[in-house]
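Report on the structure
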Amino acid sequence: MNHHSFRSLGVALALTLGACGPGQDGDATGGTGGGGASGGAVGSGGLSPSGGAGGAPHETGGASSGGGATPTGGAGASGGTSSGGGSPGSGGAPGGDCTRELLDGLLDDYFAALAAGDPSSLPLAEGVKFTENAVQAGIGTTDFWRNAGEVKHSQRALDTEACSAGAQAVIPEGGMDLPVALRIKVEGSEMTEIETIVVRPGDYTASFAVASDPAAIIAISDDIGWHDEVPEAERATREELTSWIDKYFRAFPAGVCDVTGACRRLENGGGNFSCRTGASCSAGDPGPGGTFIPRVILADEVRGIAVGLTLFDFMTDGHLDMHMIKMSGGEVHAVHAILRDTNGVSGWE
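Counting starts from 1 at the beginning of each chain's written sequence and moves along it residue by residue. Only residues with pLDDT of at least 70 get local features here, since the model is predicted, and only at 80 or more are side-chain atom pairs given and counted; chain-wide, interface and lining totals rely on the full set of residues. Based on all heavy atoms of the structure, the side-chain values leave hydrogens and waters out of the count.

1. Regarding the overall build of the protein chain
Selection rule: Elements are defined by DSSP. Helices are runs of H or I of four residues or more, strands are runs of E of two residues or more, and each kind is numbered from the N terminus. Throughout, exposure labels follow a simple rule: accessible area from a 1.4 Å probe, protein chains only, divided by the maximum for the residue type, with under 20% read as buried, over 50% as exposed, and the rest as partly exposed. Contacts are residue-level and defined by heavy atoms, with any inter-residue pair within 4.5 Å sufficient. For every accessible area listed, the method is Shrake-Rupley and the probe measures 1.4 Å; residues are considered covered only by the protein chains on display.
Each helix and strand in the protein chain was counted, giving five helices and 12 strands. Within the protein chain, buried positions represent 60% of all 349 residues. The long-range fraction of contacts in the protein chain, counting pairs at least 24 apart against all pairs at least 6 apart in sequence, stands at 73%. For the protein chain, the exposed area adds up to about 11,600 Å²; of that, 49% sits on carbon and sulfur atoms.

2. A look at the pairing of strand E3 (residues 153-159)
Inclusion rule: A pair of strands is treated as paired once DSSP finds two or more bridges between them.
Counting buried positions along E3 gives seven out of seven residues, so the element sits mostly inside the fold. Residues His 153, Gln 155, Ala 157 and Asp 159 line one face of E3 and the alternating positions Ser 154, Arg 156 and Leu 158 line the opposite face, and both faces are buried. As paired elements, E3 and strand E4 (residues 164-173) share seven bridges and run antiparallel to each other. When the sheet's bridge partners are listed, Asp 159 is paired in E4 with Ser 164. Count of turn residues in the E3/E4 antiparallel hairpin: four residues, of which Cys 163 carries a positive phi of about 50°.

3. Examining the sheet that holds strand E2 (residues 135-136)
Put simply, the rule is: Under this scheme, a helix contributes an axis fitted over its contacting stretch, all axes are lines through C-alpha atoms, and angles between N-to-C directions fall in the 0 to 180 degree range.
Taken together, six strands build an open sheet; the order of strands is E2-E1-E6-E5-E4-E3 and the sheet is mixed. Each edge of the open sheet is held by one strand with a lone partner, namely E2 and E3. Relative to the sheet, helix H2 (residues 100-116) contacts strand E1 (124-132), E3, E4, strand E5 (176-187) and strand E6 (190-198), its axis offset from that of E3 by approximately 145°. The sheet strands contacting helix H4 (residues 214-224) are E3, E4 and E5, and the helix crosses E3 at an angle near 65°.

4. Comments concerning the sheet that holds strand E9 (residues 296-300)
Taken in spatial order, the six strands make up an open sheet running E8-E7-E12-E11-E10-E9, and their pairing is mixed. On the outer flanks of this sheet lie strand E8 (270-274) and E9, each paired with one strand and no other. The sheet shows a mean angle of 15° between the axes of neighbouring strands, direction not considered. Where strand E7 (residues 259-267) lies against E8, three bridges are found, and the strand directions are antiparallel. For Arg 264, the partnering residue across the bridge sits in E8 and is Ser 274. Taken strand by strand, helix H5 (residues 238-250) contacts E7, E9, strand E10 (305-312), strand E11 (319-328) and strand E12 (331-341), and its axis lies near 140° from that of E11.

5. Quick word on the pattern of salt bridges
The criterion, for reference: Any carboxyl oxygen of Asp or Glu within 4 Å of a side-chain nitrogen of Lys or Arg constitutes a salt bridge here.
If you walk through the whole model with that rule in mind, you get 15 salt bridges. As a salt-bridge pair, Arg 200 and Glu 173 come within 2.8 Å of each other at their nearest N and O atoms. Of this pair, Arg 200 sits in the loop between E6 and H4 while Glu 173 sits in strand E4; the two residues are 27 residues apart in sequence, bridging distant segments of the chain. For Arg 200, a relative accessible area of 24% gives the class partly exposed. Each of Arg 183, Glu 193, Glu 195 and Arg 295 takes part in salt bridges that share partners, so that together they form one network.

6. Quick look at the pairing of E9
Successive residues of a regular strand alternate their side chains across the two faces of the sheet. Burial of E9 is extensive: five of the five residues sit out of reach of the surface. Of the two faces of E9, the one lined by Val 296, Leu 298 and Asp 300 and the one lined by Ile 297 and Ala 299 are each fully buried. A loop of four residues connects E9 with E10, the two strands running antiparallel in sequence, and Gly 304 in this loop sits at a positive phi of about 70°.

7. Observations concerning the state of the cysteines
The test is simple: Here, a disulfide means two cysteine sulfur atoms that sit within 2.5 Å of each other.
Under the defined criterion, the tally for this structure stands at three disulfides. Disulfide pairing places Cys 257 opposite Cys 281 at an S-S distance of 1.9 Å. In this structure, the disulfide formed by Cys 257 and Cys 281 twists by about 100° around the S-S bond and is classed as right-handed. With Cys 257 in the loop between H5 and E7 and Cys 281 in the loop between E8 and E9, this pair connects stretches of sequence that are 24 residues apart. With respect to burial, Cys 257 and Cys 281 carry one shared label: buried. In this model Cys 263 forms its disulfide with Cys 275; the gap between the sulfur atoms is 2.0 Å. Because the sign of the S-S torsion sets the handedness, a value of about -60° for the bond joining Cys 263 and Cys 275 places this disulfide among the left-handed ones.

8. Things to note about H5
Cut-off, in case you're wondering: Helices are assigned an expected span. That span is 1.5 Å times one less than the residue count.
Under the 1.5 Å per step criterion, the end-to-end length of H5 is 18 Å for 13 residues, consistent within 8% with the ideal 18 Å. With 12 of its 13 residues buried, H5 lies for the most part within the structure.

9. Examining empty space enclosed by the protein
Which entries qualify depends on this criterion: Cavities and pockets are defined on a 1 Å grid built over the protein atoms alone: a cavity is a set of grid points where a 1.4 Å probe fits but cannot escape, while a pocket is an open set with protein on both sides within 12 Å along at least five of seven lines, and lining residues are those with an atom within 4 Å of any such point. Grid points are joined across faces, edges and corners, and a volume is the space filled by probe spheres set on the points. Each residue is assigned to one class: nonpolar for Ala, Val, Leu, Ile, Met, Phe, Trp, Tyr, Cys and Pro, charged for Asp, Glu, Lys and Arg, and polar for all the others, Gly among them.
Applying the stated criterion to the full structure yields one cavity of 30 Å³ or more. Counted as a void, the largest cavity has a volume near 30 Å³. Lining the largest cavity, in full, are Tyr 110, Phe 111, Leu 114, Phe 144, Ile 171, Val 180, Leu 182 and Thr 196. At the level of elements, H2 and E5 are the ones that each hand at least two residues to the lining of the largest cavity. Tallied by class, the residues present in the lining of the largest cavity amount to seven nonpolar, one polar and no charged.

So this is what it looks like as structure tokens:
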């Protein structure tokens, strides 16, 4: 993916880290505009949003294929060292409530169990569904589960309304750090769905693909402030967060709106593209169809983070993709994507 070819322009823009933002000549203002939030500073970009976010996706617990975006409720799991920190421990929330502490603790527990190679300590629901790279398997049985080390970094979205957590992480396998995406859905304090994407060298083979750079995910994280809470006056609503991701996917490559001039888009940590590269912002909300249909969308209003999962199949056979954005003050400050080849399937059809 490079900005010298139409393909590059496509990838750079739709995947993992896309955004087309304010101040672009010919960009139409439109949509609802997003109030946003982003804790830490993200470079210098000024605030000058152009178009707004598209229509809010339909949210339902659980992953689904087809039509509207359907964020799944779910908690993540596992610990290890992570940027922005998290509450250790999991356990059930009082009265069965889904809390940020519960979701963050489950993410800690998941990463700790992964590093130990033993999922027996996790609160798994009977019939829990686990996928790795679009293939359903028994949790703990894959090569990655057998060989993963302690997480070196994670950036997390905690969605208490959907009772789900999404994370992008850097985790070693043997002596090599890998970009990893994780989604967990929770019901009754038990994990009912666990979806993972693990990207090894050679797993992302689109003609416009860039090489993974897990170190860059860590290096830029403090500037972005993924886990910083957004001041309430600059905080995006749940609808604004989910609508931005929904429009980004459905209107690709014309759905990248309200991004700062300093916004950078990374794909598996690589690329470091401007969020505006090859992108534009169309007026109005996208229809029910579109270029890519978001399957799951999660929103963390406190941190100003939205997560979207889809199949990215622009000029390719299809890649399983998790996008994560940071929003504050009505603008998006960063777009990161974790994606790899899966031949057009998600494992959640």
